[in-house]
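Listed below are the residues making up each chain.
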Amino acid sequence: MPKQTTSFTGLDNFNYKVLNEDGAGVKTPERIKGLQEITISKEQEVVKAHGDNRTMETAVSNGDVEIESGFHTLSLEDRTALFGLEVDEDGIVAVGNDTPNDVAVLLERTSAEGREVVGLISGKFTFAEVEGSTTSDEIEFSRQSTTGTFIPKDVEGYDKPKAMYLGFDPTGTNTALHSIWKKVFGEEHPDAVTEPTV
């Protein structure tokens, strides 16, 4: 496959699935529409050993993968699922000493040549800040953001624990999407049989 030569210009298709304690999904994947921005970072630090007035050896200390996600809006249902909130019989959501659910995530970064598929295997999102402002002469849309931390897990086919998958689908193909969907969500992509194009 030729190397990608165009920059990413968009984001799409943010899906999450709530996992139970053994990593198996307990719900079908849910899409959150309106993904506006993401920042994915992997904690790494170069550790140096010195001697004879120089660096003798280096090693890399690896940490978790963190994702900061900004959305046009996060529905109350999605916030309840992501943040492990409780709902009573009247549909009222209570917030307190809640433990966020473990979730798997898949999203796409798009370019003129296709899409990069990003799959995050297992992590937790922290409660999103609730902000608002009064209506004024100028319309300003609010937005909501949340941060997730994804820890490396033992995954089939790799020697060391992994927290994230990356794959690229040139326009008109779905190989990476279908493969990563199955790896992170544990089920076939809904369109895997019909082979749709990008």
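In the block above lies the structure referred to throughout.
Residues numbered from 1 in each chain as written. Predicted model: local features only at pLDDT ≥ 70, side-chain atom pairs only at ≥ 80, totals over all residues. Heavy atoms only, no water.

A. How the structure looks around the side chain of Asp 78. Here Asp 78 shows up in helix α1 (residues 76-83). Classification of Asp 78 by relative accessible area gives buried; the value is 10%. Non-local contacts of Asp 78, meaning those with residues more than four positions away in its chain, are made with Tyr 16 and Ile 32. (Helix = DSSP H or I, 4+ residues; strand = E, 2+ residues; numbered from the N terminus. Buried < 20%, exposed > 50% of the residue type's maximum accessible area, 1.4 Å probe, protein only. Contact = heavy atoms within 4.5 Å.)

B. Representation of unusual backbone geometry in the model. Even without being glycine, Asn 13 reaches a positive phi, approximately 60 degrees. Tracing the backbone shows Asn 13 in strand β1 (residues 8-19). At Asp 52, a position not held by glycine, the phi torsion is positive, near 50 degrees. You can see Asp 52 is positioned in the loop between β3 (35-51) and β4 (54-71). Exposure remark for Asp 52: the relative accessible area of 67% places this residue in the exposed category.

C. Structural detail: the environment of Phe 168. Its place among the elements puts Phe 168 in strand β10 (residues 164-170). The buried category is assigned to Phe 168, whose relative accessible area is 18%. Sequence separation between Phe 168 and Glu 113 is 55 residues; the distance between their C-alpha atoms is 9.6 Å.

D. Summary view of α1. Counting buried positions along α1 gives six out of eight residues, so the element sits mostly inside the fold. Buried within α1 we find Asp 78, Arg 79, Thr 80, Ala 81, Leu 82 and Phe 83.

E. Quick look at the pattern of salt bridges. Counted by the stated rule, this structure contains seven salt bridges. Here Glu 187 makes a salt bridge to Lys 17, at a shortest N to O gap of 2.6 Å. One end of the pair, Glu 187, is in the segment after α2 (175-185); the other, Lys 17, is in strand β1, with 170 residues separating them in the sequence. Classification of Lys 17 as buried rests on a relative accessible area of 4%. In this structure, Glu 108 engages Arg 115 in a salt bridge whose closest nitrogen and oxygen atoms are separated by 3.8 Å. Residue Glu 108 is classed as buried on the basis of its relative accessible area, which comes to 5%. (Salt bridge = Lys/Arg side-chain N within 4 Å of Asp/Glu carboxyl O.)

Limitation: the analysis is restricted to geometry and does not speak to function.
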